[in-house]
Number of protein chains: 4
Amino acid sequence: MDQPAQSGRKASRAFRREQLIEATIATIARKGLSQMTLTDVAVAAGVSHGLVNFHFQSKDRLLAETLRFMSDDHRKNWSAALAAAGPSPALCLNALILCEFNDVSQTPDRLTAWCAFWGEAQNRPLYLEQCGDNDRTYIEAFDGVCRRLISEGGYSLVPERAARILRLSIEGMWLELMFSAKPYSGTEALHTAFACAAALFPRHFTSEGLKAD
Amino acid sequence: MDQPAQSGRKASRAFRREQLIEATIATIARKGLSQMTLTDVAVAAGVSHGLVNFHFQSKDRLLAETLRFMSDDHRKNWSAALAAAGPSPALCLNALILCEFNDVSQTPDRLTAWCAFWGEAQNRPLYLEQCGDNDRTYIEAFDGVCRRLISEGGYSLVPERAARILRLSIEGMWLELMFSAKPYSGTEALHTAFACAAALFPRHFTSEGLKAD
Amino acid sequence: MDQPAQSGRKASRAFRREQLIEATIATIARKGLSQMTLTDVAVAAGVSHGLVNFHFQSKDRLLAETLRFMSDDHRKNWSAALAAAGPSPALCLNALILCEFNDVSQTPDRLTAWCAFWGEAQNRPLYLEQCGDNDRTYIEAFDGVCRRLISEGGYSLVPERAARILRLSIEGMWLELMFSAKPYSGTEALHTAFACAAALFPRHFTSEGLKAD
Amino acid sequence: MDQPAQSGRKASRAFRREQLIEATIATIARKGLSQMTLTDVAVAAGVSHGLVNFHFQSKDRLLAETLRFMSDDHRKNWSAALAAAGPSPALCLNALILCEFNDVSQTPDRLTAWCAFWGEAQNRPLYLEQCGDNDRTYIEAFDGVCRRLISEGGYSLVPERAARILRLSIEGMWLELMFSAKPYSGTEALHTAFACAAALFPRHFTSEGLKAD
DNA sequence: GATGAATGAGCCTTCATTCAT
DNA sequence: GATGAATGAAGGCTCATTCAT
């Protein structure tokens, strides 16, 4: 009967939570995880101080939910890209590489916040709890794609090692791009990623990208 | 044999400072940069908390000097390894790779502390100030070695990209080894590093290491 | 009759601020400006120490606002007395003299606090910032009254000097009354003030006060 | 036998103490009584930190001796001026007035330090203990001179009141000269002091000074 | 739902004092 | 005599959390 009001309240609740999470990400990016205060978050969200605890009970829970939110969002992106790439392992790998450089959800603020979460030892249990599954899934997907490409392409590489080299090069470039004093361009980073793929899989990649045939 | 006066109530200035820096590194590794308190450091060093400020004036300066200490120590290690490797670029690259995995000064505590320093945005100015020069020098050395190997070895790679791929793979494995829930072994990491070198420089490296000839 | 909400856990902002300022004055009087701690003030006001910073942000600001509060209060008193005295300069001067000795807002605590503010060199910039205008206005008012009395009464005095002598005698007696080991009475102080006025303006004052006609 | 060495040590001792007292006065003037630290004093005196406590046992004793030093010095000055003035009360009063404005030992630093000592309530017991006798003697001398001048000059004033007015005017002008934002000149202050004397003792003083005859 | 006053634990920092050298 | 390392108490300030309204 009062559905609209109920859903209005519920919508308001969900809206507030997401609004606060976005404010949290922005605040972490600006001030760092440890310097972030609940007051900062409230100010960034344009609400009162007490409301943050009202919705998240504690600072720890706010951080946990923020982390989960980012991790889930990222997973949605790469799995969608992978699904769209079809069955060819080379196309899949190409999709995974491009995804990391094109993912619109990976804004600088989010990357900065992300980084803050696993910068410090004491955050790591929380990180593993919230992101461990997603990260594991990502690594398995990457490994799987490489395994199929090695098998189907006739390469003699250890799949996990090839996947690891590619993955870490890409992640490392993220960080260099964000935090270096004189970063190179995004295009240069992408070419480096493809150069890495080309070194590992020379019959499928060049430093310009996927080979045409 | 016994260090006179260093364990007593009045230690020399230099001794106390290094002792406090080591305690700082251990404390950062255990509690994180932001959770580290001067009292923690003092307790870890077995002195009163007032002494920390007596020697370092402020927490900020303690952190700055700690960072500088680690950065300088690391530089000494890799530059010594490079100097010992002689003129051959392949031997140099081999030395740089091995150095990262063998460097006794790169204890887990130091890596954890290192990571904490550039995990958060607000620490980065301090990081760049204390480590920027050393990092730049390291990258240039790595680039130079790759450039010579490419030139002398007849490879057709872009030196900066090859160097970057190797460098980031190695650094990335550090982090995975330390922070992953189920890490692989150090030997596996080293093999992966050589696999990366082998993919880039197949006439000089295999995934077992430097080629014999 | 009973002030609702002012004694409970949540008082209005203005009420709390004034309450804390009064507690500050009392604490300065008892312990001195430099020995006063925020905890002292909080205890005197019956609240927690965190609340002081909540309302005043810092100790410096608390002191600044306390000083301003006292200065403004004093100005209100003497300007009201002056306004009530009418146009006659002799009546005005009489009012200014009596005002200093009768001002109910100039409690011993406030005078002690006042004195503490300009006892030390480093407080003086703050003092000038908060009280400079009021003090200047007071001196100008005193000068103006003396000028008119000299002019209308046919005296041959330099107005600023006469005003200065009276002003400083009165202020000096405040201090002697408060801080001397064996002070004289308030009545004796008032008679001395009138004796000063009588020496300067013998046709208008005696040491008992304003001449009758 | 070893007298020279003994007196050498003793001289050194006395020299150090006076050196530290002068450094204390300078430091109080610069930083205020409460902000003055023993380290500041040691730095100002060019000696090590621990030496201050070695010579004065505690900060409180250093302050007490500093205060006593200044008070005794001031007393020597005005009593010498009084002794030099001879028996005439008008000449004596003239000497007392001039003394306050000419006393070379009353440097700005000392006046500032002086002021700091009785600015705060908690210093007053110390002040009275160290300076009470000298101050009392000064007031009695001033009162006595005024009493004789009133008696011999045929004035009908209450001596204590006349003395008080003069004394407080002079002291008040010190403070105004030192601490006011826009002070008047020293000459103007002296003329004001004589104007005060002239108002009280018109047959002996003008605002220019002592009458000639 | 939302606000913001209030609490209190804990941190950095200062500094008088002690004491080994 | 003199130095300066070392101690530890205490203060200002921050901030997560609670709670009356």
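What counts, and where the lines are drawn
Residues numbered from 1 in each chain as written. Chains lettered and ligands numbered in written order. Predicted model: local features only at pLDDT ≥ 70, side-chain atom pairs only at ≥ 80, totals over all residues. Helix = DSSP H or I, 4+ residues; strand = E, 2+ residues; numbered from the N terminus. Buried ≥ 20, exposed ≤ 12 C-beta atoms within 10 Å, placed from the backbone. Contact = placed C-beta atoms within 7 Å. Domains from an automatic or database assignment. Least-squares fit on C-alpha atoms with pLDDT ≥ 70 in both. Near = placed C-beta within 6 Å. Nonpolar A, V, L, I, M, F, W, Y, C, P; charged D, E, K, R; others polar. Axes fitted to C-alpha atoms, helices over the stretch in contact; angles between N-to-C directions. Parallel < 35°, antiparallel > 145°, perpendicular 65-115°, else oblique. Left-handed = near helix turned anticlockwise from the far one by under 90°. pLDDT = per-residue confidence, 0-100. Expected span 1.5 Å × (residues − 1).

Peer 1: Describe the overall build of chain A, naming the residues involved and giving the relevant values.
Peer 2: Regarding its fold elements, chain A presents 9 helices and 2 strands. Reading chain A from its N terminus to its C terminus gives the helix and strand order α-α-α-α-α-α-α-α-α-β-β. Dimensions of chain A, computed from the C-alpha atoms along their principal axes, are close to 60 × 50 × 30 Å. Counting the 213 residues in chain A, one finds 38% classified as buried. Residue pairs at least 24 apart in sequence account for 55% of intrachain contacts in chain A once pairs closer than 6 positions are excluded.

Peer 1: Tell me what's going on with the domain arrangement of chain A, and back it up with residues and numbers.
Peer 2: Residues and elements named next belong to chain A. Taken as a whole, chain A is organised into domain 1 (1–57) and domain 2 (58–210). Domain 1 and domain 2 are separated by 29 Å when their C-alpha centres are compared. Taken residue by residue, the interface counts 13 residues in domain 1 and 13 residues in domain 2. Put simply, the parts of the chain that give the side of domain 1 that touches domain 2 at least two residues each are α1 (3–31) and α3 (49–56).

Peer 1: Before we move on, can you summarise the relation of the copies chain C and chain D with the specific residues and values?
Peer 2: When chain C is fitted onto chain D, the two copies agree to an RMSD of 0.1 Å after a turn of 180 degrees and an axial shift of 0.1 Å. Here the transformation between the copies is reduced to the relation of a two-fold axis. Taking the C-alpha atom as reference, chain C places Gly119 of chain C closest to the rotation axis, 2.0 Å from it. When the interface residues of chain C are mapped onto chain D, 100% of them again fall at the interface, so both copies present the same face.

Peer 1: Could you give an account of the environment of Glu208 of chain D, naming the residues involved and the relevant values?
Peer 2: Considering the arrangement of structural elements, one finds Glu208 of chain D in the loop between β1 (205–206) and β2 (209–210). Along the backbone, Glu208 of chain D and Leu149 of chain D are 59 residues apart, and their C-alpha atoms lie at a distance of 19 Å.

Peer 1: Got a sec to walk through the protein's contact with DNA strand F? Specific residues and values, please.
Peer 2: As a structural note, the neighbourhood of DNA strand F is formed by 40 residues, with Ser48 and Gly50 of chain B, Thr37 of chain C together with Ser48 and Gly50 of chain D the closest of them. Considered class by class, the residues forming the surface near DNA strand F number 9 nonpolar, 19 polar and 12 charged.

Peer 1: Which residues make up the packing of helix α4 (residues 59–85) of chain D against helix α5 (residues 89–102) of chain D, and what values go with them?
Peer 2: Residue and element names in this part refer to chain D. Contact geometry for α4 and α5: axes closest at 9 Å, N-to-C directions at 150 degrees. When the axis of α4 is compared with that of α5, the two are roughly antiparallel. Crossing of α4 over α5 shows right-handed handedness. Contacts between α4 and α5 pair Asn77, Trp78, Ala81, Leu82, Ala84 and Ala85 from the former with Leu91, Cys92, Ala95, Leu96 and Cys99 from the latter. Looking at side-chain class alone, the contact of α4 with α5 contains 10 nonpolar, 1 polar and no charged residues.

Peer 1: I'd love a proper account of the relation of the copies chain A and chain B, names of residues and values included.
Peer 2: The transformation that overlays chain A on chain B combines an axial shift of 0.0 Å with a rotation of 180 degrees, and the residual RMSD is 0.2 Å. When the interface residues of chain A are mapped onto chain B, 100% of them are again interface residues, pointing to one common binding face.

Peer 1: Requested: an account of the confidence of the model for chain A, with residues and values cited.
Peer 2: This prediction gives chain A a mean pLDDT of 91; 94% of its residues lie at or above 70. Counting interchain partners and residues more than four positions distant, the pLDDT-below-50 stretch residues 1–8 of chain A has 0 contacts.

Peer 1: Can you tell me about the protein's contact with DNA strand E, naming the residues and giving the values?
Peer 2: Around DNA strand E, the surrounding shell holds 42 residues, and the nearest of these are Ser48 and Gly50 of chain A, Thr37 and Lys59 of chain B together with Gly50 of chain C. Of the residues belonging to the surface near DNA strand E, the class tally is 9 nonpolar, 21 polar and 12 charged.

Peer 1: Residue-level account of unusual backbone geometry, with values.
Peer 2: With a phi close to 70 degrees, Gln57 of chain C is a non-glycine residue in the positive phi region. Turning to its location among the elements, Gln57 of chain C is positioned in the loop between α3 (49–56) and α4 (59–85).

Peer 1: So what's going on with the interface of chain A and chain B? Which residues, and what values?
Peer 2: Taken together, the contact pairs 34 residues of chain A with 34 residues of chain B. Elements represented by at least two residues in the side of chain A that touches chain B include exactly α1, α6 (108–119), α7 (124–153), α8 (159–179) and α9 (186–200) of chain A. Take the side of chain A that touches chain B: its biggest share by element is 9 residues, from α8 of chain A. Of the residues that constitute the side of chain A that touches chain B, the class distribution is 17 nonpolar, 11 polar and 6 charged.

Peer 1: Describe the interface of chain C and chain D, with residues and values.
Peer 2: The interface is formed by 34 residues belonging to chain C together with 34 residues belonging to chain D. For the side of chain C that touches chain D, the secondary structure elements donating two or more residues are α1 (13–31), α6 (108–119), α7 (124–153), α8 (159–179) and α9 (186–200) of chain C. For the side of chain C that touches chain D, the element with the highest residue contribution is α8 of chain C, accounting for 9 residues. In terms of residue class, the side of chain C that touches chain D is built from 17 nonpolar, 11 polar and 6 charged.

Peer 1: Give me α9 of chain A: which residues, what numbers.
Peer 2: The end-to-end C-alpha distance of α9 of chain A, which contains 15 residues, comes to 21 Å, matching closely the 21 Å that a straight helix rising 1.5 Å per residue would cover. α9 of chain A sits mainly inside the fold: 11 of its 15 residues count as buried. For α9 of chain A, the full list of buried residues reads Ala189, Leu190, Thr192, Ala193, Phe194, Ala195, Cys196, Ala197, Ala198, Ala199 and Leu200 of chain A. For α9 of chain A, the secondary structure elements touched by its buried residues are α5 (89–102), α8, β1 (205–206) and β2 (209–210) of chain A together with α8 (159–179) and α9 (186–200) of chain B.

Peer 1: Tell me what's going on with the arrangement of the chains, and back it up with residues and numbers.
Peer 2: There is a clear gap between chain A and chain D: no contact, and 31 Å between their nearest C-alpha atoms. What separates chain B from chain D at the closest point of their C-alpha atoms is a distance of 13 Å, and the two make no contact.

Peer 1: Let's hear about α8 of chain C: which residues, and what values?
Peer 2: For α8 of chain C, with 21 residues, the first-to-last C-alpha span of 30 Å sits near the 30 Å given by 1.5 Å per residue. When we look at burial in α8 of chain C, the residues that qualify are Arg161, Ala162, Ala163, Arg164, Ile165, Leu166, Arg167, Leu168, Ser169, Ile170, Gly172 and Met173 of chain C. The inward-facing, buried residues of α8 of chain C abut α5 (89–102), α7 and α9 of chain C together with α8 (159–179) and α9 (186–200) of chain D.

Peer 1: I'd like a description of the environment of Glu176 of chain D, backed by residues and values.
Peer 2: All names here are of chain D. Among the structural elements, Glu176 can be located in helix α8. Since 18 C-beta atoms lie within 10 Å of it, Glu176 is described here as partly exposed. It is 24 Å that separates the C-alpha atoms of Glu176 and Asp72, two residues lying 104 residues apart in sequence.

Peer 1: Break down the environment of Arg13 of chain C for me, citing the residues and quoting the values.
Peer 2: Structurally, the position occupied by Arg13 of chain C is in helix α1. Sequence separation between Arg13 of chain C and His55 of chain C is 42 residues; the distance between their C-alpha atoms is 7.9 Å.

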